[in-house]
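Coordinates in review
Each chain, letter by letter, is given below.
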Amino acid sequence: MIVIEVLAGGVRGGTAILYAALGETLAERAGIINLGTEGSMLAGALTAYAITAETGSPWAGVVTGALAGALLAAVHVFMVVARGANQLATGLVVLFLGGGLTAMFGAAYVGRSITPFRPYAIPLLSDIPGLGPVLFDHDPLVYLSYLLAPALWWLLFRSRWGLIVRGAGEHPAALSAYGHSPKLVRYLAVIGGGLLTGIGGAHLSTAYANAWFENMTTGRGFIAVALVIFAAWHPLRAVGGAYLFGAALALSPALQARGYGFNQFVLDALPYLVTIAALIVLGRRRINAAPEDLSRVFDLTPSR
Amino acid sequence: MSVAAETRVRRGPAPALLAVRGLTCRFGDVVANDGIDFEVAAGEVHAVLGENGAGKSTLMKLIYGVYRPDAGEFDVDGVPTVIRSPAAARAAGIGMVFQDLRLVPAFTVAENIGLALPMRGPLLGRRALSRRIVEASERYGLPVEPDALVRHLSIGERQRVEILKVLMSGARLLILDEPTSVLAPQEVDALFVAMRALRTAGLSLVVITHKLNEARAIADRVTVLRGGRVVLRNADPAGFSDAELVEAMVGQTVPPLPRDRAGSDGGVAPAVRLAGVRAAGDRGHTALHDVDLDIRPGELLGVAGVAGSGQRELCEVILGLRRVTAGTVHLGGAELHAQPRQAIAAGAVGVPEDPVTDAVVPGLTVLEHLALGRAAGGGKRVGVDWRAVAAQAERLDGTARLRMAPRHRVLGELSGGNIQRVVLTRALGEPAAVVVAAYPSRGLDIATTRRTQELLIEQRDAGAAVLVVSEDLDELLSISDRIAVLHDGHLAGAVRPEETDRYAIGRLMLGGRAA
Amino acid sequence: MTDTQVTVPDVRPQIVDNRQKQVLGWVVAVAGAPVIFGAFVAVKGVNPFTVYADMLTSLADPVQGQAVLVRAAVLLLAGLAVAVPARAGLLNVGGEGQIVIGAVSAAGVGLIADQRLPGGLVLVLMVLAAMAGGAAWAGLAAGLRLTVKVNEAISTLLLNFVAIDIMLGLIYDPWKDASGFGQPSSRPLADTARLPLFTTGGTLNAGIVLALLALVGVWAALRYTTWGFRLRVVGGNPEAARRAGMRVGPLLLSAMLVGGALAGLAGLVHFAGTEFKLRPGMTTNFGYIGFLASWLAMHRPLRVGLAAVLLAAIAMGGDSLQIDAGLPAASLNVLMAVVLLVVLGSRLAPRRKS
């Protein structure tokens, strides 16, 4: 059943992207784009792997990985909010920082083995034909992400805190006029986003690949950034997008394992082409969906 | 006059809700507020009058805690109070209705109010919030729809939401910053009715304005600021003539414009002709409906209308900046194909509605701005001829006499008024065939406003077809040969100033028929 | 125009105003960043002073010095590829992809022609193909922006990955070098079609000349031509440009095409000067580092040159680091990132005044 294999692989492989995309959604809803997502993922992946290797507990790894992702995000938001640095440039710098630090400190962990997260088939639910193996035979971090996406939706669109977060992304002046601090909100949102992104990285090293190697995220952080736009800054739509991209990543090995010879790079390019196509087709609506203050980052970049 | 004025000062109806003493605020070398004493009684409407730059907004921002004073004290209900943040001001019962309305367009009315209310924790309680909004809107006579998206509301409706929001967050003293600048006369009346109701309910209101007739219509007392100082305090407006109040505001008397109208002879072919013009606005709606309009050379046409009635689109259509979806635009007899270059070649110049967004390149100097049109033109030269630009700047400045900033100054560092002078000098400093000026005197002091009006009239007398959009009906009535009124994208009528009054125009602005 | 008596105003006073602060920022960055990086190195259990001593000694070595200039040439072009569109207010995050496409185009021409035509002619054709390829790849993003309003920062970023996949797709299959010992790569370029070296046995190639020519050309075009002035206007406020009668769309397109062509040229210089064949990972983030070089230099061409040399020197120090201290070469990304963070952060944004 190649379809089920690809779909299950899509969920498994898409989970890391999903965490990062949810984190990025939170940050961008508050008005800050973080191109350093890839760096936060790498930091999360290495830290989680190292701590898992040292303590034997993948949960300890995930928690510390999340903190590492948050730490890098904190660098980004500090530069942007407190120092007025350009968001896109700073994001790239944070990416290099994360890549460099993990290369520097990760060399010792290349080839170390760990006790990773194990898949846990949920009784009854995993027996549902089709759906069961696709959705309910995974590691705990996948299940956690099932809860997280709706939780983030509720937080952003139904709670008062979400109102404040979205207010910071739409119209910070309206927020500060009523005693909220857009800066504080942005700090919290970006750092919270970094936490989630770090979990995404941790999933990659302690549940998906069960290994650490330099630059192991191979562009997943960028896919997550693209996905946020693709999903029009909406957490629930990001779920579908993440699995779609995950499935694209899972399709080529699945086909090749069955002896279909073809150039896998066509498939590798697919997520990016799909996102560009989505931007073209939905262009106008997407632009309207963007948080207003965030669109200014793209719109008129001072070019002094 | 102040000695004489003191005798005519009326005591407040009740002890002061708010009193400030010796308030001083400096920005660098500029003293924006200089030892200001000011008080508001409970249950009064107090107007703060002054020209642009008189320090009105600074004073209000000090009271609301946005700025911190360099010196001075606040008493609230007679108790010394420290106000160093908007939160502290709100805690003291002071609320501010900003001119630019601090609402999030992407949020509903309820969400905007929820953002403003002092609540804690993650829960919003949407249903309870909607109920409270409906209750409050009935109590204060400010009807709003909690679930409507603010993006879809008119300016007047947004203002109601803003006021309700401030009231619901517990304000006893409301500061309204130029609340009428975006409203039609009848909407202004509705606002005044609501304000009187609030006063009756025991609330205090401070209105910042530069319009005398409004201060007279609504205020129990007025305080006049000039150059950062109080020149008239707690005065009963009924006790002063217009001339006295203007003199207090300006420090000098301004003679009225000469009202000689060169008879516009009907024989000349129109310089601007719009036939059945339809155009879409930025949000995709039809912003102009079948507009037929001629402007002859030597005619000054005023355009009145509630904000957002199609003024912007009308100007842009004539300047070739916006495509028409039906009908034709002719400039000087040739059809215009929505190309700014073509309009410029036909001798059209524009003063945009919002110069900072539409005309100013922040990093460029005054001189470079004057070179804009030149560099845009034909690509004969590889480089820009700065010597010719400098000579042209000299000429323009000499003709316009608008006291333009020095030519090496960077526009991004200039104030709004100085930016407007640059834009006006560039547009009006040399004769043009067609002048399209949107809100030309916005942000200018009275003397410069006067010079701008003279320049517009000079352009007309030199044979230009001039179109002026303004929110100031008095300005339009005094300079126009003819006034066209826009309502919701329709040309609701065209009237001659000598045959009409502001209320007749107001009826047209709101969609009524010409009387 | 510089020798007239008429008082021509200083064209860029705001830069003058900020100059002191900027110089300070550079000094702090240059002095502070090594301290921070040294702390990381020390945590790693390596003596930072030894590391810096090794790096400096290695830079003094003429072989390394040449390597720095070789790398700086590519970074300079990659930086200019960002700086020109930035003048027009466009964010070209796609240098990486444009470099790859430039290299792929050059390689394509080389594969077809290097055995049949004289080397010099092949080189000229490769230069043209690389610049056209890079420009086309950037033009794609510009076209999307102008027609369907897809933001160029996002589209150029996404197109980077597509470009890399195109290159990988080519060298894993149709262009694969059969004698490549199983490593996927294209056939090496014939010796005659390579960029000439300054010294036999050295590494410094004619690429640095191309880069310097491009630098002078871009500098002069931005400073003295009407086109440069128009780009500043469009970059500062496109609506103002439109209202002044400028053709905003073609201007934006031209800026992006020039940027893409410069990045394509960077791809050629790297391919025909250093690599000679396409292989996975050949561009090693030149596009992104060039982006940062441009930001470091505030998009001013001459300073992009300085930034390119600085960043190239840091990167080349990485080799000695790997050999002498046993740290991975990518560790130097940390030093680069810290330098950039300090510089970006020491520049207070005076943009919005309330």
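In this text, all values refer to a predicted model and were calculated from it rather than measured experimentally.

What counts as what
- Residues numbered from 1 in each chain as written.
- Chains lettered and ligands numbered in written order.
- Predicted model: local features only at pLDDT ≥ 70, side-chain atom pairs only at ≥ 80, totals over all residues.
- Helix = DSSP H or I, 4+ residues; strand = E, 2+ residues; numbered from the N terminus.
- Rg over C-alpha atoms; globule rule 2.2 N^0.38 Å.
- Buried ≥ 20, exposed ≤ 12 C-beta atoms within 10 Å, placed from the backbone.
- Contact = placed C-beta atoms within 7 Å.
- Pairing = 2+ DSSP bridges.
- Axes fitted to C-alpha atoms, helices over the stretch in contact; angles between N-to-C directions.
- Nonpolar A, V, L, I, M, F, W, Y, C, P; charged D, E, K, R; others polar.
- Parallel < 35°, antiparallel > 145°, perpendicular 65-115°, else oblique.
- Left-handed = near helix turned anticlockwise from the far one by under 90°.
- pLDDT = per-residue confidence, 0-100.
- Core = buried A, V, L, I, M, F, W, Y, C linked by C-beta atoms within 7 Å.
- Expected span 1.5 Å × (residues − 1).

A look at the overall build of chain A
When helices and strands are tallied, chain A shows 14 helices and two strands. The globule rule puts the C-alpha radius of gyration for 304 residues at 19 Å, and the 19 Å found for chain A is close to it. Expressed as a percentage of its 304 residues, the buried residues of chain A come to 59%. Pairs at least 24 apart in sequence give 78% of the contacts found in chain A among residues at least 6 apart.

Describing the overall build of chain B
The helix and strand tally for chain B stands at 19 helices and 20 strands. Here chain B, with 515 residues, has 49% of them falling under the buried criterion.

Some points on the environment of P297 of chain B
Residues and elements named next belong to chain B. Relative to the elements of secondary structure, P297 occurs in the loop between β12 (286–295) and β13 (300–305). A residue is classified by how many C-beta atoms lie within 10 Å of it, and P297, with 20 of them, is buried. Sequence separation between P297 and V436 is 139 residues; the distance between their C-alpha atoms is 13 Å. P297 has contacts with V268, A271, G463, A464 and A465, leaving out every residue within four places of it along the chain.

Side note on the sheet that holds strand β4 (residues 71–76) of chain B
All names here are of chain B. Overall, antiparallel pairing links the four strands, which are arranged β2-β1-β4-β5 in an open sheet. Of all strands in the sheet, those with a lone pairing partner are β2 (30–41) and β5 (79–81), marking the two edges. The mean inter-strand angle of the sheet, taken between neighbouring strand axes irrespective of direction, is 25°. Examined bridge by bridge, strand β1 (residues 16–27) and β4 share five bridges and lie antiparallel to one another. Looking at the pairing, R21 lines up with E73 of β4. Relative to the sheet, helix α2 (residues 56–63) contacts β1 and β2, its axis offset from that of β2 by approximately 65°.

Concerning the pairing of strand β19 (residues 482–487) of chain B
All names here are of chain B. β19 sits mainly inside the fold: five of its six residues count as buried. Bridge count for β13 against β19 is five bridges, and the pairing is parallel. Pairing of A304 across the sheet is with V485, part of β19. In this sheet, strand β20 (residues 490–495) lies alongside β19 in antiparallel orientation, the contact comprising five bridges. Opposite I483, over in β20, you have V495 as the bridge partner.

As for the interface of chain A and chain C
Residue-level contacts link 44 residues of chain A with 48 residues of chain C. Mapped by element, the contributors of at least two residues to the side of chain A that touches chain C are α4 (87–106), α10 (220–230), α12 (264–281) and α13 (283–289) of chain A. Looking at the side of chain A that touches chain C, the element that brings in the most residues is α4 of chain A, giving 13 residues. Taken together, the residues of the side of chain A that touches chain C break down into 28 nonpolar, eleven polar and five charged.

Looking at the environment of L455 of chain B
Residues and elements named next belong to chain B. In this fold, L455 is placed in helix α17 (residues 446–461). Here L455 falls in the buried class, since 23 other C-beta atoms lie within 10 Å of it. Placed 137 residues apart in sequence, L455 and I318 show a C-alpha to C-alpha distance of 20 Å. With residues up to four places along the chain from it excluded, the contact list for L455 reads A400 and L428.

A few points about the packing of helix α5 (residues 119–148) of chain C against helix α10 (residues 248–275) of chain C
Each pair of packed helices can be summarised by the angle the axes make with each other and by the distance between the axes. Residues and elements named next belong to chain C. Between α5 and α10, the shortest axis-to-axis distance is 6 Å and the interhelical angle comes to 140°. Here α5 is positioned oblique relative to α10, judged by the angle of their axes. Note that α5 runs across α10; the crossing there is right-handed. Looking at the contact of α5 with α10 residue by residue, the class counts come to 20 nonpolar, eight polar and no charged.

Things to note about the confidence of the model for chain B
All names here are of chain B. Mean pLDDT over chain B: 84, with 90% of residues reaching 70 or higher. The low-confidence segment residues 1–13 (pLDDT under 50) makes 18 contacts with residues lying over four places distant or belonging to another chain. Predicted as a complex, the structure gets a pTM of 0.80 and an ipTM equal to 0.84.

What to know about the nonpolar core
Where a protein is soluble and globular, its nonpolar side chains tend to be buried together. Within the largest apolar cluster, 403 residues are counted, with the highest numbers of intra-cluster contacts made by L227 of chain A, V435 of chain B together with L77 and L265 of chain C. Apart from the residues lying within four places of it in its own chain, the contact partners of L227 of chain A are I17, A21, A238, G241, A242 and F245 of chain A.

Here we look at the sheet that holds β20 of chain B
Residues and elements named next belong to chain B. Read from one edge to the other, the open sheet built from six strands follows the order β16-β17-β18-β13-β19-β20, with strand pairing classed as mixed. Since the sheet does not close on itself, it has two edges, and those belong to β16 (348–351) and β20, each with one partner. Across this sheet, the average inter-strand angle for adjacent strands is 20°, counted without regard to direction. As paired elements, strand β17 (residues 434–438) and strand β18 (residues 465–469) share five bridges and run parallel to each other. When the sheet's bridge partners are listed, A437 is paired in β18 with V468. Lying on the sheet, helix α10 (residues 311–318) is in contact with β13, β16, β17, β18 and β19; it crosses β17 at an angle near 155°. The strands touched by α17 are β13, β17 and β18; relative to β18, the strand with the most contacts, the crossing angle is about 155°.

A short note on α10 of chain B
Where burial is concerned, most of α10 of chain B is hidden: eight out of the eight residues are buried. Within the sequence span of α10 of chain B, burial applies to Q311, R312, E313, L314, C315, E316, V317 and I318 of chain B.

Description of the packing of helix α5 (residues 126–140) of chain B against helix α6 (residues 155–168) of chain B
Residues and elements named next belong to chain B. Viewed as axis vectors pointing N to C, α5 and α6 meet at an angle of 105°, and their least axial separation amounts to 10 Å. Compared by their axis directions, α5 and α6 come out roughly perpendicular. Across the interface between the two elements, R132, A136, S137 and Y140 from α5 touch L164, L167 and M168 from α6.

Quick look at α5 of chain C
An ideal rise of 1.5 Å per residue puts 44 Å on 30 residues; α5 of chain C measures up with 42 Å between its terminal C-alpha atoms. Looking one or two places after α5 of chain C, you find K149 of chain C, whose phi comes out positive at around 60°.

Re unusual backbone geometry
The phi torsion at W233 of chain A lies on the positive side, around 60°, for a residue other than glycine. A residue is classified by how many C-beta atoms lie within 10 Å of it, and W233 of chain A, with 22 of them, is buried. With a phi angle near 50°, A338 of chain B is a residue other than glycine that sits in the positive phi range. With respect to the element layout, A338 of chain B can be found in the loop between β15 (334–335) and α11 (340–345). A338 of chain B gets classed as partly exposed once you count the C-beta atoms within 10 Å, which come to 16.

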